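Structural overview
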Amino acid sequence: MPNCAVVGAQWGDEGKGKIVDLLSERFDVVARYQGGPNAGHTVTIAGKRHALHHVPSGVFRDNVRIVIGNGTVLDLTKMLVEIDSLVAAGISLDGRFFISERAHVIVPLLSRLDALNEQVAGESGRIGTTQRGIGPTYEAKAARSGIRVADLADATALRERIQKMVDGPVGSRLREAGEDPGDPGAIAAQAHAQYRRIERWVADTALLLNDWMDEGRSILFEGAQGTLLDLDHGSYPFVTSSTTVAGGLCGGLGVSPRRVDHVIGVFKAYATRVGSGPMPTELLDGPEGLGETIRRRGREYGTTTGRPRRCGWFDGVAAAYANRINRFDGACIMLLDVLDSLDEIRVCVGYRLDGAAIRSMPPVVSDAKRIEPVFETLPGWNTDTTSARTWEELPPQARAYLDRLSALIGAEVSVVSVGPDRAQSIIRPGSSLAGRFGF
Ligand code: GDP
Ligand code: IMO
Ligand code: MG
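The rules behind these values
- Residues numbered from 1 in each chain as written.
- Chains lettered and ligands numbered in written order.
- Predicted model: local features only at pLDDT ≥ 70, side-chain atom pairs only at ≥ 80, totals over all residues.
- Heavy atoms only, no water.
- Helix = DSSP H or I, 4+ residues; strand = E, 2+ residues; numbered from the N terminus.
- Expected span 1.5 Å × (residues − 1).
- Contact = heavy atoms within 4.5 Å.
- Polar contact = N/O pair within 3.5 Å; in protein donor to acceptor, adjacent residues only side chain to side chain.
- Near = heavy atom within 4 Å.
- Areas by Shrake-Rupley, 256 points an atom, 1.4 Å probe, with all protein chains shown as cover.
- Nonpolar A, V, L, I, M, F, W, Y, C, P; charged D, E, K, R; others polar.
- Buried < 20%, exposed > 50% of the residue type's maximum accessible area, 1.4 Å probe, protein only.
- Pairing = 2+ DSSP bridges.
- Axes fitted to C-alpha atoms, helices over the stretch in contact; angles between N-to-C directions.
- Donors = N, O, S within 2.8 Å, 3.2 Å for Na, K, Ca; no water.
- 1 Å grid on protein atoms, 1.4 Å probe; cavity = no way out; pocket = protein on both sides within 12 Å on 5 of 7 lines; lining within 4 Å.
- Points joined across faces, edges and corners; volume = space filled by probe spheres on them.
- Phe/Tyr/Trp six-rings, centres within 6.5 Å; stacked < 30°, edge-to-face > 60°.
- Lys NZ or Arg CZ within 6 Å of the ring centre and 35° of its normal.

1. A closer look at helix H5 (residues 155-167)
In an α-helix, one full turn covers 3.6 residues, which means residues spaced three or four apart are oriented alike. Here H5 contains 13 residues, and its C-alpha end-to-end distance of 18 Å stays within 8% of the 18 Å for a straight helix at 1.5 Å per residue. Tucked into the core, H5 has its buried residues touching helix H3 (108-125), helix H4 (134-142), helix H6 (169-176) and helix H7 (184-198). Taking the backbone nitrogen of Thr156 as reference, a side-chain oxygen 3.1 Å away marks Asp154 as the first, capping residue of H5.

2. Some words on the site of ligand 1
In the neighbourhood of ligand 1, 21 residues make up the surrounding shell, with Lys16, Gly40, Thr42, Asp337 and Ser417 lying closest. A distance of 2.9 Å separates an oxygen atom of ligand 1 from a polar side-chain atom of Asp13. Lys16 places a main-chain nitrogen or oxygen 2.7 Å from an oxygen atom of ligand 1. When the free accessible area of ligand 1 is taken as 580 Å², the share hidden by the protein chains comes to 96%. When residues of the shell around ligand 1 are traced back to their parent elements, those giving at least two are helix H1 (16-23) and strand S3 (41-45). Of the residues assigned to the shell around ligand 1, the class counts are five nonpolar, nine polar and seven charged.

3. Some details on the pairing of strand S7 (residues 97-100)
Burial along S7 is two-sided: the face carrying Phe97 and Ile99 and the face carrying Phe98 and Ser100 are both buried. Relative to S7, strand S5 (residues 65-68) runs parallel, the two sharing three bridges. Each residue of the ladder has a partner; that of Val67, found in S7, is Phe98. Pairing geometry for S7 and strand S9 (residues 202-203), over two bridges, is parallel.

4. Focus: the sheet that holds strand S15 (residues 330-334)
An order of S9-S7-S5-S2-S10-S1-S11-S15-S19-S20 is seen for the 10 strands of this open sheet, with the pairing classed as mixed. In the strand order of this sheet, the two ends are held by S9 and strand S20 (425-427), each with one partner. By the bridge criterion, five bridges tie strand S1 (residues 4-8) to strand S11 (residues 262-268) in an arrangement that is parallel. Its bridge partner lying in S11, Val6 is registered against Ile264. Set on the sheet, H1 makes contact with S1, strand S2 (29-32), strand S10 (219-222), S11, S15, strand S19 (412-417) and S20; between it and S1 the angle comes to about 165°.

5. Some words on the side chain of Asn38
Tracing the backbone through its elements, the reader meets Asn38 in the loop between S2 and S3. A polar contact is formed between the side chain of Asn38 and the backbone nitrogen of Gly36, at a distance of 2.9 Å. Here the side chain of Asn38 touches Gln225 through a polar contact of 3.2 Å, side chain to side chain. For Asn38, the contacting residues outside a window of four places in its chain are Thr130, Arg132, Ile134, Gln225, Thr240 and Thr304.

6. Notes on the pairing of strand S4 (residues 48-52)
By the bridge criterion, five bridges tie S3 to S4 in an arrangement that is antiparallel. Residue pairing in the sheet places Thr44 in a bridge with Arg49 of S4. Counting the residues between successive antiparallel strands, the hairpin from S3 to S4 contains two residues, one of them, Ala46, with a positive phi of roughly 50°.

7. Let's talk about the coordination of the magnesium ion (ligand 3)
For the magnesium ion (ligand 3), the protein coordination sphere consists of Asp13 (OD) and Gly40 (O), at 2.0 to 2.1 Å. Separated by 27 residues along the polypeptide, Asp13 in the loop between S1 and H1 and Gly40 in the loop between S2 and S3 bring together distant segments of the chain.

8. Considerations on the layout of surface pockets
Computed from the structure, the second largest pocket encloses a volume of approximately 490 Å³. Around the second largest pocket, the lining is made up of 27 residues, and of these Thr42, Arg49, Gly298, Leu335 and Pro420 lie nearest the centre. Of all the secondary-structure elements, those providing two or more residues to the lining of the second largest pocket are H1 and S3. Of the residues forming the lining of the second largest pocket, the biggest block, four residues, is contributed by S3. In terms of residue class, the lining of the second largest pocket is made up of six nonpolar, 10 polar and 11 charged.

9. So, empty space enclosed by the protein
A full pass over the atoms with the stated rule returns one cavity of 30 Å³ or more. Roughly 40 Å³ of volume is contained in the largest cavity. If you trace the largest cavity, you find it lined by Ala9, Gln10, Trp11, Leu228, Phe267, Ala271, Phe314, Asp315, Ala318 and Ala319. Here the residues of the lining of the largest cavity sort into eight nonpolar, one polar and one charged.

10. A short note on the site of ligand 2
In the vicinity of ligand 2, 21 residues are found, and the nearest of them are Asp13, Lys16, His41, Thr130 and Thr240. Taking Thr130, its side chain carries an N or O atom lying 2.6 Å from an oxygen atom of ligand 2. One of the backbone N or O atoms of Gln225 is found 2.8 Å from an oxygen atom in ligand 2. The protein chains hide 98% of the 550 Å² of surface that ligand 2 would expose on its own. Among the residues making up the shell around ligand 2, the classes are represented as eight nonpolar, 10 polar and three charged.

11. Some points on the packing of aromatic side chains
Scanning the model with the defined rule gives six aromatic pairs in all. Each ring, one from Phe267 and one from Phe314, has its centre 5.9 Å from the other, and the planes form 45°; the classification is tilted. Here Phe267, found in strand S11, pairs with Phe314, found in strand S14 (residues 314-315); they are 47 residues apart in sequence, far enough to count as distant. Taking relative accessible area as the criterion, Phe314 reaches 0% and is therefore assigned buried. Where Trp381 meets Tyr401, the ring centres are 5.7 Å apart and the plane angle is 50°; that geometry is what we call tilted. Note that Trp381 is positioned in the loop between strand S18 (372-379) and helix H13 (396-409) and Tyr401 in helix H13, a separation of 20 residues in sequence. For Tyr401, a relative accessible area of 1% puts it in the buried group. Directly above the aromatic system of Trp212 lies the positively charged group of Arg65, at a separation of 4.8 Å from the ring centroid.

Following this line, the structure appears as structure tokens:
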């Protein structure tokens, strides 16, 4: 059976959780490849809303195996709360949940350093991180001083590694700011005790995934964040610290690029961003404006931090850029219903910088902030789409809008979402997604 990647195509929160839950019906395994508790993936089934941060969004299908890959970073305190609440909701994990022994662990001093960095950066330098310790943990990984899940098994060796971290640059930066990095013995004891609770799920996940693929099982790869937050391809330095694009799944899971058969990009029907950094189509039209209308209708507040998301029009240049990096087989257009009450909808179809048209995202933020978006205006549909279940049931103006987005992205629209619930989805029968995976 073919494999498929689900990738965020904008600045995160596109609705990846909903799509992974929906598509996982046709897959044997769902595997997360990067990020950590900065992610907030929402799945709504029969009106009940679930927010996931570490656990893959295939968890609600009890015949699907779920894998947290080596490319992720895990906050075990938060992950255990998440696991406990899933178990309390009657979801069984045993025998189908696998955590990579090579994933990195966010120890408390790393999340404190994230918060401290944000505090000292000041208004203009602040990235607006989720303060979950993501950046410092990936920094420690790259500096070869990180702590991995497998390192938690030996309490004595773990204490030594944490002592090194407390004595090294991480501890120094906290101490310079007047903070106590914590007692290495206590940090190690807590992490070791948490390890004992997850031990039965810890595995060599690259070995398992490759064995399962050899047996003919199909994998759905779940991305976190989005292409425009990618460490290399996003609006650096206003990015997250991992490779969010489709290519990141190979390193983040130990899966050859030759085994990735299909790539799906998840987009909102408009744009949102949480945190700082350039957003060319942002609506800055005040409390009575369209930006606020979209925020209210789309409930655009972060799943992880509750922060209001910045809202704007669909950015066709950024979308084509995302398609260039990921080469989507198809796009999912989410939250279409949020635009139901608008008379007119604008779409960005070009960028101008210093009077010249540009096709790509400028690498320097000060340039990206000066981009002048070129807009096209399309008619709205002024109709409730939330009960549409087929392409034909969508109003003609909505179909025309989706066709325009498809042309701007450069990929077919495979899925349209008209509400948060699993049922409020349209998988287009003629799409390559439907053909390949039997929807
Ligand atoms: P993710 O991080 O990409 O998984 O996205 P989030 O879960 O952070 O944010 C997407 C939000 O939109 C969640 O609150 C979803 O429940 C909601 N959502 C997803 N699809 C739709 C849709 O088609 N319509 C509406 N109104 N809400 C949706
Ligand atoms: P999901 O998976 C939206 C943003 C933060 C900040 C930047 C860096 O739910 O789509 P970090 O804590 O990662 O160092 O923050 O990235 N960010 C997200 N924005 N959705 C996410 O995840 C995000 N994860 C991080 O707001 O701007
Ligand atoms: Mg989210």
